Every structure is written in structure tokens, then in C-alpha cells.
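What the coordinates show
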Amino acid sequence: MIANLVQLAAEEEQNPLVPPGPELLVGTVAFAIVFFFFWKKLLPNINKVLEQRREAIEGGIEKAEAAQTEAQSVLEQYKAQLAEARHEAARLRQEAQEQGAQLIAEMRVEGQRQREEIIAAGHAQIAADRKAASQSLRQDVGQLATTLAGKLVGESLEDHARQSRTIDRFLDELEEKAEAAR
Amino acid sequence: MSADQTQLAFDWSCRIMSDNGCGFPAPGLHSFLFKPMFHIGGFEFNKVMLLALLTTLIVVTFFTLAFGKAKVVPGKLQMIGEAGYDFVRRGIVYETLGKKEGEKYVPLMVSLFFFIWIMNIWSVIPLAQFPVSSIIAYPAVLAAIVYVTWVSLTFKRHGFVGGWKNITGYDNSLGPIKWLVSFIEFFSNLLVRPFTHAVRLFANMFAGHLMLVMFTVASWYLLNSWLIPAAGVSFVMTMVMILFELFVQAVQAYVFVLLACSYIQGAVSEHH
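Residue numbers here run from 1 along each chain, matching the order of that chain's written sequence. Chain A is the first chain written and ligand 1 is the first ligand written, with later ones labelled in order. A pLDDT threshold of at least 70 governs which residues receive local features in this predicted model, and a stricter bar of 80 or more applies before side-chain atom pairs are shown or counted, although totals over entire chains, interfaces and linings include all residues.

Before going further, it helps to spend a moment on the overall build of chain B. Counting from the N terminus, the helices are the DSSP runs of H or I reaching at least four residues and the strands are the DSSP runs of E reaching at least two. Along chain B, the regular secondary structure elements total seven helices and two strands. Along chain B, helices and strands appear, N-terminal first, in the series α-β-β-α-α-α-α-α-α. The C-alpha extent of chain B, read off along each of the three principal axes, is 75 × 60 × 45 Å. Counting other C-beta atoms within 10 Å of a residue's own tells you its class, since 20 or more makes it buried, 12 or fewer makes it exposed, and anything in between is partly exposed; those C-beta atoms are placed from the backbone. The buried share among the 272 residues of chain B stands at 36%. Restricting to contacts in chain B with at least 6 residues of sequence separation, those with at least 24 account for 62%. Our contact criterion uses C-beta atoms placed from the backbone: two residues qualify when those atoms are within 7 Å.

Structure representation (C-alpha cells):
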């Protein structure tokens, strides 16, 4: 009974908002240890690692960026080369076309020349032939005429010089007549 | 009475409608009293002190395992530790104080958060089943540390006069009511603030523990004759309360640290 009353009295005094001294001490010590570990050891530790990781990631990103830049430059180079090659091909084609056209033109000129040559040669041949023909014809006609005249007049006209003079005169007369008729 | 009450709760014969006329052994202040486990000289060592020291042990051990041999490519434990660390650092400190100003206070806030959280979690750990922070001494110590930190910081940052202006919100543009404002600010900042800071945590844990004990004891006490279904309801409520308490424990740790940060933020800011 008395014990109960004492306990009751003790409880009456218990105020949950008044901190008991020993607990304050234990709480302070308990927290101080936690704080000390975090402050001095654990957080510097993890911060160092986080920093390293950040750097590693940044390094990786930088590496990737470098690789990308290189790939880009290679691509540019390749594109430039390709464009150059295309340009070159176009140039060659152009050149070939020009050369072809020139060849054709040259050949045409050459053909023309040859044709004209052939025609000229033909003309010359014809002229020569005609000249020769007329020459021989003149002789033959002269001879025939003299022979015929000799037979008719009974006089030999074998003297060549006289003969040819007479024939020439005859022919000239013929030509003059032809000229006058024209 | 306290010891008797606590014992009655675990008495096999003490149930509703039992012949010995045993009443409901309701939880009360006596639920927060512990007999000393042993004495060191005149020093009484009780269960709550043991739990407080175990809290230290657990926090330090966990983070030593997680961060002791920290690697750039983290293991599982380190990943969990980093997530917790990052939550406090980025989610609370950088958010309120900014990276530049806050960096200095990260160790304090991280230790506060995990220390408080583990102290709270004891509430639902079998055999322990008591939130250390429901004894006012523990929140009071932590609130005092925060109080000393921000008050000293105020005077260090703004000088003696500037510090008082910062704390009281003294502002000439307010005209004649500036004295009233200053008085209220002085009262609420310097006197009430540490008290509310500690009591907010304490009271939440205190009430939570009362609720848990009540439903737990009731589950046993109602387990007789036709009231057995009621015992079932009480048991379900115990489970619900445990889940709810898990939530409250984390939230209270978060709120405590968030407030600590906002006090420091007020101390470093130019205009209160």
C-alpha cells in the first residue's frame, strides 16, 4: 500500500516534457558519435568517390565527344573526297566529250579535204585525159585530113612542118568559128 | 501502479469478462518509464539508453559498411547508402540552403536524419518496440544543437546588431508596428522555436507509441468469449498503425532536418 502510494507520487511528478538528465547525456554522446563519424570519415570518403565518379563520367563523355568529333571530321573528309572524285569524273567526262567532238570535227574536216582532193584529182585526170585525147585526136584528124586531102588532090603533104601548120590553122579556124557562133 | 499496469498487460489471466474483474490495462505515462537495467555507479542505465546507443551503432556500422571502402562503381550497400545520403544532401540541404551555403551543413543534416530515423524506427522493431525519440531528452538534445548552430551563425554572419535585427525582423519600413513585430518575432524565433522543434518530433513519436501499445494490449485483452472478433479488429488496427507509424517516423525525421535547414537558411539570409 505504502509502496503503491510512493509509486503513485512518483508518477504524479513524471512530466514527459521535462528531460531527465542522464538521457540528455546519453543522447548527446550517441549523436556526437554519429556526427563525428559522418563528418570526419564517412562523408569525406563518399564525397571523394562521388567526385571520382563524376570525373570518370565526365571523362567518358569527353572521350565520346572526341570520338564523335573524329568521326565527324572523317565523315567530312570522306564527303570531300567523294565530291572531289565526282568532280573529277565529271571533268573527265567533259574532257572526253570535248575530245570526241574535236575528233569528229577533225575527221570531218579531213574527210572534206580528202573528198576535195579526190575531186580535184579527178578533175585534173579528166582535164589531162581530155587534153591527151584532144591532142591525139588533133593528130589523127590532121593525119586523116591530110591523107584524105592528099588522096583528093594527089599531092603528098608529108612534110611534117607544113602539115602541122596547116592543121593548126584549120583547127584555129574551127575554134574561131565556134567562138563566133557562141 | 505503473509496474503493475505494465505487467497486467502481459498477464495471461487479465482479459475482458474474466472472473478476476481485471480492467483494461490502458497505456499511459507509465508506458514511458523503464526500470534501470543496471547501475554504473549512481548512473541508472535503462532500455531507452541502450536503444539510443544501438542507434548509433547501427547508423555508424551501416554507413561504414556502405562508405568505408567506397568504390566508383558502387556495390548494393553503397548504392543504398548513396541514395539515402543523396536524399538528404540534394533533397533537403541543397534545396533549402543551396549548394554553396549548404555544403558545410551536410554532415550535420545527414547525421541528424539517420540518427532520428533509426531512433524512431525502434518503435516497430520487435523486442525494442519503443521509439527513443518519445523521450523528450533525445529530441531536446538535437534541437539544442540545431539552435546553437543557427543562433551563433546569425551573429557571426550579421554582427551583434545585425544579428538581433535578423532574429527580430526589425525593419524601419514597418513604421510604428515594428516594435510589435520585433517582439513577436523575438518571442517566436528565439524562445518558442527550439521548443516546438523538439516537441514536434517528441509528441509524434509519443502519440504513435501510445496508439500502438493501446491496440496491441487491446488485441490481447479482448481475446475472450464472443469478443474475439473485436480482438481481430484491434489486431488489424495494430498492423495498420505499424504501417502508419513507419510513414510518420520517416516524415518526422525529414521534417526535423528540413526545419533545421530552414532555420539556418533564415540565419544566413540578408532579410528575415
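Right, picking up where we left off after that structure.
As a further point, take the UniProt feature "coiled-coil region" (unreviewed entry) in chain A. Within the UniProt annotation, "coiled-coil region" (unreviewed entry) is assigned to residues 47-102 of chain A. This span, residues 47-102 of chain A, is 100% helix and 0% strand, and a straight line between its end C-alpha atoms measures 80 Å. UniProt positions are given in the numbering used here, feature names are shortened, and annotations may be inferred rather than shown by experiment.

Each partner contributes residues to the interface: chain B has 39 residues there, and chain A has 31 residues. Counting only elements with at least two residues in the side of chain B that touches chain A, the list comes to β2 (43-45), α2 (47-67), α3 (76-102), α4 (106-121) and α5 (137-168) of chain B. Among the elements that take part in the side of chain B that touches chain A, α2 of chain B stands out by supplying eleven residues, more than any other. Gly is placed with the polar residues, together with every amino acid not listed as nonpolar (Ala, Val, Leu, Ile, Met, Phe, Trp, Tyr, Cys and Pro) or charged (Asp, Glu, Lys and Arg). When its residues are assigned to classes, the side of chain B that touches chain A shows 29 nonpolar, seven polar and three charged.

Let us now look at the confidence of the model for chain A. The pLDDT score gives, residue by residue, the confidence of the prediction method on a 0 to 100 scale. Scored by pLDDT, chain A comes out at a mean of 83, with 87% of its residues at no less than 70. Per-element confidence in chain A is highest for helix α2 (residues 21-153) of chain A, whose mean pLDDT is 88, and lowest for helix α1 (residues 2-13) of chain A, whose mean pLDDT is 51.

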